[in-house]
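Structural overview for review
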Amino acid sequence: MLVARTLSKEYLSGGRPLAVLRDVSFALETGAFAAIVGPSGSGKTTLLGLLAGLDVPTRGQVVLDGVDLTSLDEDARARLRGEKVGFVFQSFQLIPTLTALENVTVPLELRGERGAEARARELLDRVGLSGRGHHFPAQLSGGEQQRVAIARAFVNRPRILFADEPTGNLDGATGARIVELLESLNREDGTTIVLVTHDLGLAARTQRVIRLADGVVVSDSGAEAPAEPLIERAAS
Ligand code: ADP
Ligand code: MG
């Protein structure tokens, strides 16, 4: 479903290249529920942006549902995102001048779909906000805004949903509801989900944990066990 092949990303910093990701490789099956974890600044948001086709790597490849994103131009990537990808930004990024219902309807209207409002209402209902469609983002709590953002990301029935720190700005109980919502989208709809989190409790609820440090994958629960035992283990 999703393959990262020796992905590297460099930014120019004071005229010199700064390596933010180095040789990141992994593969996720369709229907996977995976977490990318790591300390702040380790490259998680950058990696998520590359995987979702929001940004392009300096080197390496991303293959999403059989399509090499790095072979597409910006328009083709945008089209593919509209068809297959949902993205929940860390800061929600709802449009403040639109109601909750209108925010969820936007992606469908961009595709010129009929029945957009009915589908948007169905999604708001699914995230437990059926009574809040007419409210503006500023009138909603952080948890409610996050649920609107998830409804919006899911309204196009994406094959894969990316979420950057989906519980990062929420209290424990509200965060737990968001996790349950993501779990149900994974289980009931078969949506592949990739989330970024530094909440180890949340990561433990996923099936696959990929850990980054300093732009490098330092552990991957889905990778094959090393052929030779670790020296530390052998010694203890
Ligand atoms: P994380 O999400 O794990 O906190 P990020 O992917 O946001 O990490 O950032 C990783 C590193 O890349 C940080 O050192 C950050 O400062 C740097 N970085 C991110 N975006 C840019 C950019 N557009 N230009 C230059 N440096 C960037
Ligand atoms: Mg980040």
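Up top is the structure these notes are about.
Just so it is clear, the structure is predicted and the values come from calculations on it, not from any experiment. (Residues numbered from 1 in each chain as written. Chains lettered and ligands numbered in written order. Predicted model: local features only at pLDDT ≥ 70, side-chain atom pairs only at ≥ 80, totals over all residues. Heavy atoms only, no water.)

Some remarks on the side chain of Arg 77
- When you line up the elements, Arg 77 lands in helix α2 (residues 74–84).
- Buried Arg 77, no salt bridge; nearest opposite-charge side chain is Glu 74, N-O distance 4.6 Å.
- Residues within four places of Arg 77 in sequence aside, it is in contact with Gly 53, Leu 54, Asp 55, Val 56, Leu 69 and Leu 72. (Helix = DSSP H or I, 4+ residues; strand = E, 2+ residues; numbered from the N terminus. Buried < 20%, exposed > 50% of the residue type's maximum accessible area, 1.4 Å probe, protein only. Lys, Arg positive; Asp, Glu negative; His and termini not counted. Salt bridge = Lys/Arg side-chain N within 4 Å of Asp/Glu carboxyl O. Contact = heavy atoms within 4.5 Å.)

A short note on the sheet that holds strand β6 (residues 85–88)
- One open sheet holds the 6 strands; their spatial order is β6-β7-β8-β3-β9-β10, and the pairing between them is mixed. Of all strands in the sheet, those with a lone pairing partner are β6 and β10 (216–220), marking the two edges. Averaged over neighbouring strand pairs, the angle between their axes works out to 20 degrees when direction is ignored.
- As judged from the 4 bridges shared by β6 and strand β7 (residues 160–164), these two strands associate in the parallel manner. By the bridge assignment for β7, Val 88 is matched with Ala 163. (Pairing = 2+ DSSP bridges. Axes fitted to C-alpha atoms, helices over the stretch in contact; angles between N-to-C directions.)

Comments concerning the pattern of salt bridges
- Applying the stated rule across the entire model yields 13 salt bridges.
- A salt bridge links Glu 188 to Arg 126; the nearest nitrogen and oxygen atoms lie 3.4 Å apart. Taken together, the positions of Glu 188 in helix α6 (residues 172–189) and Arg 126 in helix α4 (residues 116–126) put the pair 62 residues apart, joining distant regions of the chain.
- With relative accessibility at 53%, the residue Glu 188 sits in the exposed group.
- Note on Arg 126: relative accessible area 33%, which makes it partly exposed.

Focus: the site of ligand 1
- Every residue near ligand 1 is listed here: Tyr 11, Val 20, Pro 39, Ser 40, Gly 41, Ser 42, Gly 43, Lys 44, Thr 45 and Thr 46.
- With respect to ligand 1, the side chain of Lys 44 contributes an N or O atom lying 2.9 Å from an oxygen atom.
- One nitrogen or oxygen atom from the side chain of Thr 45 is found 2.8 Å from an oxygen atom belonging to ligand 1.
- Compared with its free state, where it exposes 560 Å², ligand 1 has 58% of that area covered by protein.
- If one sorts the elements of the shell around ligand 1 by residue count, helix α1 (residues 44–51) sits on top with 3 residues.
- Its residues assigned to classes, the shell around ligand 1 comprises 3 nonpolar, 6 polar and 1 charged. (Near = heavy atom within 4 Å. Polar contact = N/O pair within 3.5 Å; in protein donor to acceptor, adjacent residues only side chain to side chain. Areas by Shrake-Rupley, 256 points an atom, 1.4 Å probe, with all protein chains shown as cover. Nonpolar A, V, L, I, M, F, W, Y, C, P; charged D, E, K, R; others polar.)

Keep in mind these numbers describe shape, not what the thing actually does.
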